[in-house]
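Inside the fold
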Amino acid sequence: MTRHLTVGAAQLGPIAREETRERVVERLMSLLHESAERGVDLVVYPELALTTFFPRWYIEDQVEIEGWFEAEMPGPATKPLFDEAARLGIGFCLGYAELFTDAEGRTHRYNTQILVERDGSVVGRFRKVHIPGHEENEPGRPFQHAERHYFEPGPDGFRVWRAFGGIIGMAICNDRRWPETYRVLGLQGAELVLIGYNTPLHYSPDPTQNALQAFHNHLVMQAGAYQNGTWVVGVAKGGIEEGVDSLAHTVIIAPSGQIVAQTVTTGDELTVARIDLDHTKMYKETLFDFDRYRMPEHYGLISEQRGVVVPPDIDGGA
Ligand code: ING
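Let me sum up the structure you'll find in this document. Once a new chain begins, its residue numbering starts again from 1 and follows that chain's sequence as written. At least 70 in pLDDT is required for a residue's local features to be given in this predicted model, at least 80 for side-chain atom pairs to be given and counted, and no such filter applies to totals for whole chains, interfaces and linings, which use all residues. For the side-chain quantities, the full set of heavy atoms in the structure was used; hydrogens and water were omitted.

Okay, the pattern of salt bridges next. We count a salt bridge whenever a side-chain nitrogen from Lys or Arg sits within 4 Å of a carboxyl oxygen from Asp or Glu. Tallied over the full model, the rule gives 24 salt bridges. Here R109 and E66 are joined by a salt bridge, their closest N and O atoms 3.6 Å apart. Remark: E66 occurs in helix α2 (residues 62-66) and R109 occurs in strand β4 (residues 107-116); sequence separation between them is 43 residues. Residue E66 is classed as partly exposed on the basis of its relative accessible area of 35%. Here D102 and R106 are joined by a salt bridge, their closest N and O atoms 2.9 Å apart. Through salt bridges with shared partners, one network takes in R3, E191, D278 and K281. Each helix is a run of H or I in the DSSP string that is no shorter than four residues. Each strand is a run of E no shorter than two, and both are numbered from the N terminus. In this scheme, a residue with accessible area under 20% of its type's maximum is buried, one over 50% is exposed, and one in between is partly exposed, where area comes from a 1.4 Å probe on protein chains only.

Take a look at the structure:
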């Protein structure tokens, strides 16, 4: 039996600081219509797909900050996208800055992705777990990466949802660099992992990594796909956005780790692949038959420890 699904990775080029939600939704709508022409069932948009990547500035005015967030999803600007996608029978994954008020009335700010089925129903919500960058103002940088000033880590961890005929997981940007992300999803049976990202080419803490950004981007997602027998879709917001050159290189990756589709520009570009979710079995039921081959009795440090602890007794001897 084959479970085919046609997936569209809808890369965005730069979004200007002054660009309105309505104008951005027009761009998302254009990619949605191209998806419909190309028979796409599920279209994946990038991280923070409704606004410019505002963590590149250290903003303290709370009103301005809240202007970057969505208090409801869909909201007035995004409802047309939801309605059109449902009319076309196309599902989508959308990244945005979420303002959430809990039952106790406390406000939370998350870097969020939602998964919307072809009937327009929201079937999943993921909040970014690994928040990179810095908390305090660092004006000495050419641009900031103050995600920790704006976002709390997602409290829900890494989950999967049954949708589009398979088991779908989500992750956001820096999450894709951590093998734990894919393994926790893999242990839940993930067959397709959807990841949006905004990645500046310049990495202030170690600029020697700048030239390796594209290599590292594909390395981590190809490894995550192969080592967990899952499809992975990585979708960029790329190009020079408010003066910051950001990685594109959007990809669709097979459970073998092979790239089966990728973008070739740094702008709004859709790349499409018809995937077979049963292809995952070739790896999940052989090399990466977790139940048969994993040895969790030796993996304790992975969840017990946060940082490195060098054991005292490592100076030689069996
Ligand atoms: N961006 C980055 C990422 O992990 C980063 C953090 C910035 C990495 C610059 C390298 C260079 O791709 C997000 N948004 O997590």
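Let us keep going from here.
A few words on empty space enclosed by the protein. For each structure, a 1 Å grid was placed over the protein atoms alone; sets of points admitting a 1.4 Å probe that cannot get out are labelled cavities, open sets with protein on both sides within 12 Å along at least five of seven lines are labelled pockets, and lining residues have an atom within 4 Å of a point. Grid points are joined across faces, edges and corners, and a volume is the space filled by probe spheres set on the points. With the rule as written, the count across this model stands at one cavity of 30 Å³ or more. If you add up the space inside the largest cavity, you get close to 50 Å³. If you go around the largest cavity, the residues you meet are F53, R56, F143, Q144, H145, N198, P200, V244 and S246.

Time to look at the sheet that holds strand β14 (residues 269-276). With respect to topology, six strands assemble into an open sheet ordered β5-β4-β3-β2-β1-β14, the strand pairing being mixed. The sheet is open, and its two borders are formed by β5 (122-127) and β14, each paired with just one other strand. Each neighbouring strand pair of the sheet contributes to a mean axis angle of 30°, computed without reference to strand direction. When β4 meets β5, the two strands line up antiparallel, connected through five bridges. Within β5, the residue paired with I114 across the bridge is R125. Only heavy atoms matter for contacts: two residues are in contact if any of them lie within 4.5 Å across the pair. Axis geometry follows a simple rule: fit a line to the C-alpha atoms, using only the stretch in contact for helices, then measure angles between N-to-C directions, giving values from 0 to 180 degrees. Its contacts with the sheet place helix α1 (residues 21-37) against β1 (4-11), β2 (42-44), β3 (91-101) and β14, and it is angled at close to 40° to β14. Docked against the sheet, helix α3 (residues 79-88) engages β3, β4 and β5, running at close to 150° with respect to β3. Two strands pair under a simple rule: DSSP has to find at least two bridges between them.

Take the site of the ligand next. When we say a residue is near a molecule or strand, we mean one of its heavy atoms is within 4 Å of it. Inspection of the region around the ligand gives 15 residues, with E147, C173, N174, R177 and T199 positioned closest. Note that a nitrogen atom of the ligand is positioned 3.4 Å from one of the side-chain N or O atoms of E47. A 3.5 Å cut-off defines polar contacts: any pair of N or O atoms within that distance qualifies, except that in protein one atom must be a possible hydrogen donor and the other a possible acceptor, and neighbouring residues in sequence count only when both atoms are side-chain atoms. Here an oxygen atom of the ligand and a side-chain polar atom of R177 are 2.7 Å apart. Under the scheme applied here, ten amino acids are nonpolar (Ala, Val, Leu, Ile, Met, Phe, Trp, Tyr, Cys and Pro), four are charged (Asp, Glu, Lys and Arg), and all others, including Gly, are polar. Class assignment of the residues belonging to the shell around the ligand gives a composition of five nonpolar, five polar and five charged.

Another aspect to go through is the sheet that holds strand β12 (residues 251-253). Read across the sheet, six strands follow the order β6-β7-β8-β9-β12-β13 without closing on themselves; strand pairing throughout is mixed. Of all the strands in the sheet, just β6 (160-163) and β13 (259-262) have a single pairing partner and so form its edges. Ignoring strand direction, the axes of neighbouring strands in this sheet form an average angle of 20°. Pairing between β12 and β13: three bridges, direction antiparallel. Pairing of I253 across the sheet is with I259, part of β13. Together, β6, β7 (166-172), β8 (192-197) and β9 (231-236) form the strand contacts of helix α5 (residues 179-186), whose direction differs from that of β7 by roughly 160°. Contacting β8, β9, β12 and β13, helix α6 (residues 213-228) crosses the sheet at an angle of about 25° to β12.

This brings us to the environment of K281. By the secondary structure assignment, K281 is in helix α7 (residues 281-284). For the pair formed by K281 and E191, sequence separation is 90 residues and the distance between their alpha carbons is 9.0 Å.

Here, nonpolar core refers to any group of buried Ala, Val, Leu, Ile, Met, Phe, Trp, Tyr and Cys residues whose side-chain atoms link them within 4.5 Å. Residues L115, L192, L194, M221, V233 and I275 are the most contacted members of the largest nonpolar core, which totals 44 residues. If we ignore the near neighbours within four places in the chain, the residues touching L115 are L42, F92, C93, S121, V122, V123, G124, A163, F164, I168, M170 and L194.

Such coordinate-based values are descriptive only and should not be taken to indicate function.
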